[in-house]
Amino acid sequence: MRFSAKSLWIVLAGLVLAEPVLAADEAGVLVVTPVEVVDEKAVFATIESVNVSAARSRLAGTVASVSVREGDSVARGQVIASIGDEKIALQMRSLDAQIAGLEAALHQAQTDLSLAEALFAGGTITRVRLDEVRTAATVANNSLRARTDERGVMAQQLVEGNVLAPAAGRVLRVPVRAGAVVMAGEEVAAIAQQDFVLRLRIPERHAHSLHVGDVVRIAGDARGDGAVRRGTIRLIYPQIEGGQVVADAIVADLGDYFVGERVRVLIDVQERTAFLIPPSYVVTRYGIDHVRLQRGTGTVEVPIQRGRPARVEGETERIEVLSGLRSGDRLVLP
């Protein structure tokens, strides 16, 4: 159901009034007019993150340190854990030794090449011998470059031991601790991004009453600050799960709630007509409620059945009359 901007909302312990209420005239006579109301249903919803990202290990090894815990806020790219592998350190030491030997061999090969070039210029050695010395120097240089690049790969693996936060948000869980052995691709932490929604689960009999753009209201004061919070349904999932329809609603300022916290939410489910009158027109005698109606030049009292109270925003309180009145009746103050 869609309401115009001029509609006046009345919250009625399960009712929302969507039509303007007529005021009494100067003589205090109020014409009874039916108004359209929408029944509200209370359902439970949970605060969920749209995206929960997993920070995973890029290599197998032992967790050296964990720098975050559940509830911490992290920035994108922040180091949240370090994973070490002793084999990588041993391989790097071995490569360092090989690089040192290859550097010495390259220095000797370059010295031999300089000497061979001088001797060839003097006619002491042949070109074949000069080419052999030059080839040896080239081989020594390439071997040194290969070992240096291999060490760079090992160093990069050490850097990849740092587990980075994939997105900014709040840490939901950290399933590993320092000293634990992890495999490549294993989850180290789960991070909820700071884009929370209100996820509603509604009985399937109300599935066709929901529409994208409908307004929902958080019932009660979930935070304790007294603020009334309303949201808008932005997505209705087409699949029914366990007899419930799942829908997401956007509510401003949900960042301080706990992820997964349950709150009670009121949604519109059914439209009907009702009579709402101010309680000042009702008088109770011997436990029976009466109203005074104008009949010609006189008045007459008739019994009514009182319904739920209604609170009009910015106006006096109203009550619903279940029976005893008809449209067009003229109420007179008692």
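Everything below is about the structure shown above.
First things first, this report covers the structure right here in the doc. (Residues numbered from 1 in each chain as written. Predicted model: local features only at pLDDT ≥ 70, side-chain atom pairs only at ≥ 80, totals over all residues. Heavy atoms only, no water.)

A few points about the nonpolar core
Move 1: Membership of the largest hydrophobic core comes to 19 residues, with the highest contact counts inside it found for L198, L200, V216, V265 and I267.
Move 2: Where this core is concerned, the elements lending two or more residues are β4 (35-49), β13 (196-203), β14 (215-218), β16 (244-251) and β17 (262-277).
Move 3: The residues contacting I267, other than those within four sequence positions of it, are D39, E40, K41, V43, L200, I202, L210 and V216.
Move 4: In terms of nonpolar packing, the next biggest core, distinct from the first, is built from 17 residues, I80, A81, V174 and V176 among them. (Core = buried A, V, L, I, M, F, W, Y, C linked by side-chain atoms within 4.5 Å. Buried < 20%, exposed > 50% of the residue type's maximum accessible area, 1.4 Å probe, protein only. Helix = DSSP H or I, 4+ residues; strand = E, 2+ residues; numbered from the N terminus. Contact = heavy atoms within 4.5 Å.)

A look at the side chain of R199
Move 1: Along the chain, R199 turns up in strand β13.
Move 2: Side-chain polar atoms of R199 contact the side chain of D248, separated by 2.8 Å.
Move 3: Not counting the four nearest positions on each side in its chain, R199 is found in contact with A45, T46, E48, Y237, V246, A247 and D248. (Polar contact = N/O pair within 3.5 Å; in protein donor to acceptor, adjacent residues only side chain to side chain.)

Points about the pairing of strand β15 (residues 230-241)
Move 1: Pairing between β14 and β15: three bridges, direction antiparallel. Across the sheet, residue V216 finds its bridge partner in β15, namely G231.
Move 2: Relative to β16, β15 is paired through seven bridges, and the arrangement is antiparallel. Across the sheet, the residue bridging to I233 is A249, located in β16.
Move 3: Linkage of β15 to β16, two consecutive antiparallel strands, is achieved through a turn of two residues, within which G242 is found at a positive phi near 60°. (Pairing = 2+ DSSP bridges.)

So, the packing of helix α1 (residues 86-121) against helix α2 (residues 127-159)
Move 1: Viewed as axis vectors pointing N to C, α1 and α2 meet at an angle of 160°, and their least axial separation amounts to 8 Å. On the basis of the axis angle, α1 is roughly antiparallel to α2. In terms of crossing hand, the pair formed by α1 and α2 is left-handed.
Move 2: Tallied by class, residues from the contact of α1 with α2 come to 20 nonpolar, six polar and nine charged. (Axes fitted to C-alpha atoms, helices over the stretch in contact; angles between N-to-C directions. Parallel < 35°, antiparallel > 145°, perpendicular 65-115°, else oblique. Left-handed = near helix turned anticlockwise from the far one by under 90°. Nonpolar A, V, L, I, M, F, W, Y, C, P; charged D, E, K, R; others polar.)

Here's the deal with the pattern of salt bridges
Move 1: On inspection of all chains with the given rule, the structure shows eleven salt bridges.
Move 2: Salt-bridge contacts for R292 lead to E301; the nearest nitrogen and oxygen are separated by 3.3 Å.
Move 3: Overall, the relative accessible area of 29% leaves E301 in the partly exposed class.
Move 4: Within the structure, one salt-bridge network assembled from shared partners comprises E117, D131 and R134. (Salt bridge = Lys/Arg side-chain N within 4 Å of Asp/Glu carboxyl O.)

Notes on the sheet that holds strand β10 (residues 169-173)
Across a sheet, strands are paired by hydrogen bonds formed along the backbone, either parallel or antiparallel in direction.
Move 1: Pairing in this open sheet of four strands is antiparallel, and the strands run β5-β12-β10-β7 from one edge to the other. Edge positions in the sheet fall to β5 (52-56) and β7 (73-74), since each has one partner strand and no second.
Move 2: Strand direction decides the pairing type here: β5 and strand β12 (residues 187-193), joined by five bridges, are antiparallel. Paired with A54 across the bridge in β12 is A190.

What to know about the packing of aromatic side chains
Move 1: All chains considered together, the criterion is met by zero aromatic pairs.
Move 2: When the ring centre of F44 is taken as reference, the NZ or CZ atom of R262 above it lies at 4.4 Å. (Phe/Tyr/Trp six-rings, centres within 6.5 Å; stacked < 30°, edge-to-face > 60°. Lys NZ or Arg CZ within 6 Å of the ring centre and 35° of its normal.)

As for unusual backbone geometry
Move 1: Positive phi values are uncommon outside glycine, yet Y286 reaches one of about 55°.
Move 2: Within the secondary structure, Y286 sits in the loop between β18 (282-285) and β19 (288-295).
Move 3: On the basis of relative accessible area, Y286 is assigned to the exposed category, the value being 84%.

Structural notes on the environment of P166
Move 1: Within the secondary structure, P166 sits in the loop between β9 (162-164) and β10.
Move 2: On the basis of relative accessible area, P166 is assigned to the partly exposed category, the value being 29%.
Move 3: When the C-alpha positions of P166 and A54 are compared, they lie 7.4 Å apart, and in sequence the two are 112 residues distant.
Move 4: Here P166 is in contact with S53, A54, A55, R76 and I191, once residues within four sequence places are set aside.

Points about α1
Move 1: Compared with an ideal rise of 1.5 Å per residue, which puts 36 residues at 52 Å, α1 spans 53 Å between its outermost C-alpha atoms and is within 8% of the ideal.
Move 2: Taken together, the buried positions of α1 are I88, M92, L95, I99, L106, A109, L113 and A116.
Move 3: Those residues of α1 that are buried lie in contact with α2.
Move 4: At the C-terminal side of α1, G123 shows a positive phi close to 80°. (Expected span 1.5 Å × (residues − 1).)

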